[in-house]
Amino acid sequence: MRPAAGLIRRHINGFNAWQFMVGATSPMAVLVGGVVNTYGTTGVLGTPLAFLIVGGALALLMIGYLAMTNREGNAAPAYAFLGLGLGPSWGIAGGVLMFAATNAIQISLYGLFGATTAGLTGVGHWTGWALAAWGLVAVLGLANFSLGKVFIAIVGVAELVMIGAVVLAAFTHPHDGHVSTAPLTVGALWDQRALIGGVFALAVAAFVGIETGAAYAEEGKTDKTMVHATVATLLVLPLLYCAMAWALPVWTGPDQIVAEARNAAQSGFPFTIVAAGYGGGMVAVAQLLMLTSFFISALSFHQVIGRYVHAIARERVVAAWLADVGRLGGRMAGATAPASLLQSGIALAVIGVCALLRVDPIGGMFIWLSSAAAVGVLVTLVGVSIATVFYFRKGGGGRRDPLIVRTAGPVLGAIVGSALLAVIVVNQAALLGVTSVGLQAVIPLLVLVTIVAGFGYARRVRRLWPDRYAAVGMGRPDEITVPDQQVAFRV
């Protein structure tokens, strides 16, 4: 069911929605943090092909997700979709898991930002830069700061132009004058199949953010706004990521890409491509865009988390005060203030623990948290695909929907997603840099514990508040807790 009329200000068009998803996925962050680290940690030459495979798998997984978005738009999509399809307990457990996964990917960016900035400037420790980024995101999130559509558009277009320039420089100046197609061959991926799980995990992490558009569904100018924007993103990103990942071994030569990636912190790779192709001035621009993209991505995830908490709290499944959207007027009006503070507190705690334990910000914080996020998001998307089938079988969405939307697509997506998930979980040792079976089981166990905790909390909700439990995912704001004039999210 849709939220009551007038409660949500619908103002986001398709281009805005596409900007939000590109901002969350952050292609520059994927190039510098994702692609380079994938080559460096796994040593798999077939990484470009992996992005195409993962992109195709996610496209199948998103069929059910988008079908539900189109019919049951909610600011906490996984929570609502699982609740409506499989039952309230599944909805609550899925909401808890997606909350944890989105926090994990957002917090991982602080480690990446801190380490990268400290390395580029040669000033300070990574924790100082990470805390600076955290503080700015916390303040802007609390004040409902708007990055501005024009600013996001300029940065987004500049990112894509810069990535295009890197790809162009690599392909017009290939190693030994020859463009190698080896990274695109099946053998380049399959011959190193023992390491393939790590490649797929980082590839999935690179796509985390495409599902965030559904969190803005209540604010879209039309019911299909977020669906169209997500489809466009699913068509563009796999090709873009593949081109980025292919360009790097074309430049270095297939035999040198792994060594170059592992020495990136010292050599400045892949900015060496920019320097050779366009001069040192462009390197500074590329580095600034990279850091800006890290920040925009972190802020984008922060806003999505705020919407998740707000949507669940307005149904009083969690403390109702978390649904507050700013009663003080001015910059606070429409800001999900308590939800923002909750997320900022969690992030600060994780950064602090990592600093105290001297966790490596890249190999530890970024790799482990982004891998955990990838597993969590995959599990949730598989669950939503299954929930979609039951939703339509129960008569949801009407009877005119094609078979590909009602059954075939979601079932195929669940099968492919489960297979991808199994490969990641079984073969993640190389990515995490561990050999102990116990350490390899940490991420799957954390995901399982999170799900179990979600079901445990759902039992408590059912026992104490059966009316709230029965209404999980219905998307009916409490008009007393959330007055009409105050629910006006601004992005």
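Conventions we followed
Residues numbered from 1 in each chain as written. Predicted model: local features only at pLDDT ≥ 70, side-chain atom pairs only at ≥ 80, totals over all residues. Heavy atoms only, no water. Helix = DSSP H or I, 4+ residues; strand = E, 2+ residues; numbered from the N terminus. Buried < 20%, exposed > 50% of the residue type's maximum accessible area, 1.4 Å probe, protein only. Contact = heavy atoms within 4.5 Å. Areas by Shrake-Rupley, 256 points an atom, 1.4 Å probe, with all protein chains shown as cover. Patch = residues over 30% accessible without salt bridge, like charges linked within 9 Å, V, L, I, M, F, W, Y side chains within 5 Å. Salt bridge = Lys/Arg side-chain N within 4 Å of Asp/Glu carboxyl O. Lys, Arg positive; Asp, Glu negative; His and termini not counted. Charge placed at Lys NZ, Arg CZ, Asp CG, Glu CD. pLDDT = per-residue confidence, 0-100. Phe/Tyr/Trp six-rings, centres within 6.5 Å; stacked < 30°, edge-to-face > 60°.

Going by what an unreviewed UniProt entry lists, the chain is known as APC family permease and is assigned to Dactylosporangium cerinum.

### Here's the deal with the overall build of the chain
From N to C terminus, the chain includes 21 helices and zero strands. Counting over 491 residues, the chain shows a buried share of 59%. Considering only intrachain contacts with a sequence separation of at least 6, the fraction spanning at least 24 residues in the chain is 83%. With the model as given, the accessible surface of the chain reaches about 18,500 Å², and the carbon-plus-sulfur share is 69%.

### Regarding a positive patch on the surface
A cluster of like positive charges, contributed by Arg-459, Arg-460, Arg-462 and Arg-463, occupies part of the molecular surface. Relative to the helices and strands, Arg-459 is located in helix 20 (residues 442–464). Here Arg-459 falls in the exposed class, since its relative accessible area comes to 56%.

### Digging into the confidence of the model for the chain
Per-residue pLDDT for the chain averages 82, and the proportion of residues at 70 or more is 85%. The weakest mean pLDDT in the chain belongs to helix 1 (residues 14–25) at 56; the strongest belongs to helix 20 at 95. Segment residues 1–8: pLDDT under 50, and 29 contacts once partners within four positions in sequence are set aside and those in other chains are kept.

### Description of the packing of aromatic side chains
Under the criterion given, the structure shown has seven aromatic pairs. Grouping aromatic residues by their ring pairs yields a cluster made of Phe-51, Phe-207 and Tyr-241.

### Points about the environment of Phe-207
Note on placement: Phe-207 falls in helix 9 (residues 196–207). On the accessibility criterion, Phe-207 (2% relative accessible area) is buried. Linking Phe-207 and Pro-27, residues 180 residues apart in sequence, is a C-alpha distance of 9.5 Å.

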